[in-house]
Amino acid sequence: MRPENSKFDAKRQAITQAALECFSRFGFDATSIKMIAKEAGAKSSALIYYYFKDKDDLLFACMADTQPPQLEDIPQDTPCEDWAVRMMAEYLDALAEPQFQKLILCAYSVLSRRSDFMDEINRRFREPHRLRFYQFLDTQIKLGVLAPLHYWSTYQEFFYPLSMRVLISGDWSDWARQEYYMEQLRQRARCFLKAYR
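All values reported here derive from a predicted model rather than from experimental measurement. (Residues numbered from 1 in each chain as written. Predicted model: local features only at pLDDT ≥ 70, side-chain atom pairs only at ≥ 80, totals over all residues. Heavy atoms only, no water.)

1. Brief notes about the overall build of the protein
Stage number 1. For the protein, the count of helices and strands is 9 helices and 0 strands.
Stage number 2. Helices and strands appear in the protein in the N-to-C order α-α-α-α-α-α-α-α-α.
Stage number 3. Based on the C-alpha atoms only, the size of the protein along its principal axes is roughly 60 × 35 × 30 Å.
Stage number 4. Here the protein, with 197 residues, has 42% of them falling under the buried criterion.
Stage number 5. Looking at the protein alone, contacts between residues at least 24 apart form 67% of all its contacts between residues at least 6 apart.
Stage number 6. Split by element, the accessible area of the protein, about 10,900 Å² in all, is 52% carbon and sulfur.
Stage number 7. Of the charged side chains in the protein, 27 are positive and 27 negative, and the gap between their average positions amounts to 5 Å. (Helix = DSSP H or I, 4+ residues; strand = E, 2+ residues; numbered from the N terminus. Buried < 20%, exposed > 50% of the residue type's maximum accessible area, 1.4 Å probe, protein only. Contact = heavy atoms within 4.5 Å. Areas by Shrake-Rupley, 256 points an atom, 1.4 Å probe, with all protein chains shown as cover. Lys, Arg positive; Asp, Glu negative; His and termini not counted. Charge placed at Lys NZ, Arg CZ, Asp CG, Glu CD.)

Structure representation (structure tokens):
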């Protein structure tokens, strides 16, 4: 039976942080328990098994320890372009978060054979953004601002290029809503709205 104390929790968190670092850097398959133990500063790999059953258990613990971003309400009367910019900015806030970036890189490393992990990533982290985007489209279609369109493909077009830019080039790692980047988002929103009016 594990002790319920802060020392136990602190050590467990150190192990999940080390695992996430290794998984994102080397990929899930190439990461060994020994590598995680070394990254966590543990003297023996056996210590990892005191806290976790196996590497899969560690994988899901990494996700559980990474908190989804909190989305704030957007007033219904927000202008269409401003709403689009705000959605993209919130999405980039999440992607610029180092822990979340590592989690996504880790997820991609097991994408072909661990659909359960990827499904859970999508449910916890992407679904809130996707539902917000669909709400935005519903509102704009009802107002006659946008023509009826295919929601999923539009979502992919709206957010996917931002994801790839962040993960491949890391351009957004220091973005912090700087003026230059916000103007890029505004231009992207204008192009998107123009295409679907």
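Now, onward.
2. What to know about helix α2 (residues 33-40)
Stage number 1. The set of residues buried in α2 consists of I33, I36, A37 and A40. Looking straight down α2, one finds its buried side chains confined to an arc of 100 degrees; they lie on one side. What points out from α2, more than 90 degrees from its buried face, is the exposed set K34 and K38.
Stage number 2. Those residues of α2 hidden inside the fold are in contact with α1 (6-26), α3 (46-51) and α4 (55-65).
Stage number 3. Following α2 by one or two positions, G41 has its phi on the positive side, about 80 degrees. (Arc of directions from axis to C-beta.)

3. Thoughts on the side chain of T139
Stage number 1. When you line up the elements, T139 lands in helix α7 (residues 115-142).
Stage number 2. Residue classification places T139 among the buried positions, given a relative accessible area of 12%.
Stage number 3. For T139, the residues in contact, after removing those within four places along its chain, are Q76 and W83.

4. Re the nonpolar core
Stage number 1. Grouped together as the largest cluster of nonpolar side chains are 63 residues, with contacts concentrated most on F23, I36, L58, F117, F133, F136 and L185.
Stage number 2. Examining the composition of this core, we find that 11 residues originate from one element, helix α5 (residues 80-95), more than from any other.
Stage number 3. Those residues in contact with F23, other than ones at most four positions away along the chain, are F28, T31, I36, K55, L58, L59, C62, C106 and S109. (Core = buried A, V, L, I, M, F, W, Y, C linked by side-chain atoms within 4.5 Å.)

5. What to know about the environment of L71
Stage number 1. One can find L71 in the loop between α4 and α5.
Stage number 2. Judged by relative accessible area, L71 falls into the partly exposed class, the value being 27%.
Stage number 3. Considered as a pair, L71 and Y134 are 63 residues apart in the sequence and their alpha carbons are 14 Å apart.
Stage number 4. Setting aside chain neighbours within four positions, we find L71 in contact with E90, P128, H129 and R132.

6. What about the pattern of salt bridges?
Where charged atoms from two side chains of opposite charge come close, those side chains can pair.
Stage number 1. Considering all chains together, one arrives at 15 salt bridges under this definition.
Stage number 2. A salt bridge links E21 to R25, with the nearest nitrogen and oxygen atoms 3.2 Å apart. Of this pair, E21 and R25 are both found in helix α1, 4 residues apart, which corresponds to roughly one turn of the helix.
Stage number 3. On the basis of relative accessible area, R25 is assigned to the partly exposed category, the value being 47%. (Salt bridge = Lys/Arg side-chain N within 4 Å of Asp/Glu carboxyl O.)

7. Let's talk about the environment of I74
Stage number 1. Here I74 lies in the loop between α4 and α5.
Stage number 2. For I74, a relative accessible area of 8% corresponds to the buried category.
Stage number 3. Along the primary structure I74 and K7 are separated by 67 residues, whereas in three dimensions their C-alpha atoms are 41 Å apart.
Stage number 4. Discounting residues that sit within four places of it in the chain, I74 has contacts with W83, R86, M87 and R132.

8. Let's talk about the packing of helix α6 (residues 98-109) against α7
Stage number 1. One can describe the packing of α6 onto α7 by two numbers: an axis separation of 10 Å at closest approach and a directional angle of 150 degrees. Between α6 and α7, the angle is such that the two are roughly antiparallel. Handedness of the α6/α7 crossing: left-handed. Along its contact with α6, which presents F100, L103, I104, C106, A107 and Y108, the element α7 presents F117, M118, I121, F125 and R126.
Stage number 2. Among the residues making up the contact of α6 with α7, the classes are represented as 10 nonpolar, no polar and 1 charged. (Axes fitted to C-alpha atoms, helices over the stretch in contact; angles between N-to-C directions. Parallel < 35°, antiparallel > 145°, perpendicular 65-115°, else oblique. Left-handed = near helix turned anticlockwise from the far one by under 90°. Nonpolar A, V, L, I, M, F, W, Y, C, P; charged D, E, K, R; others polar.)

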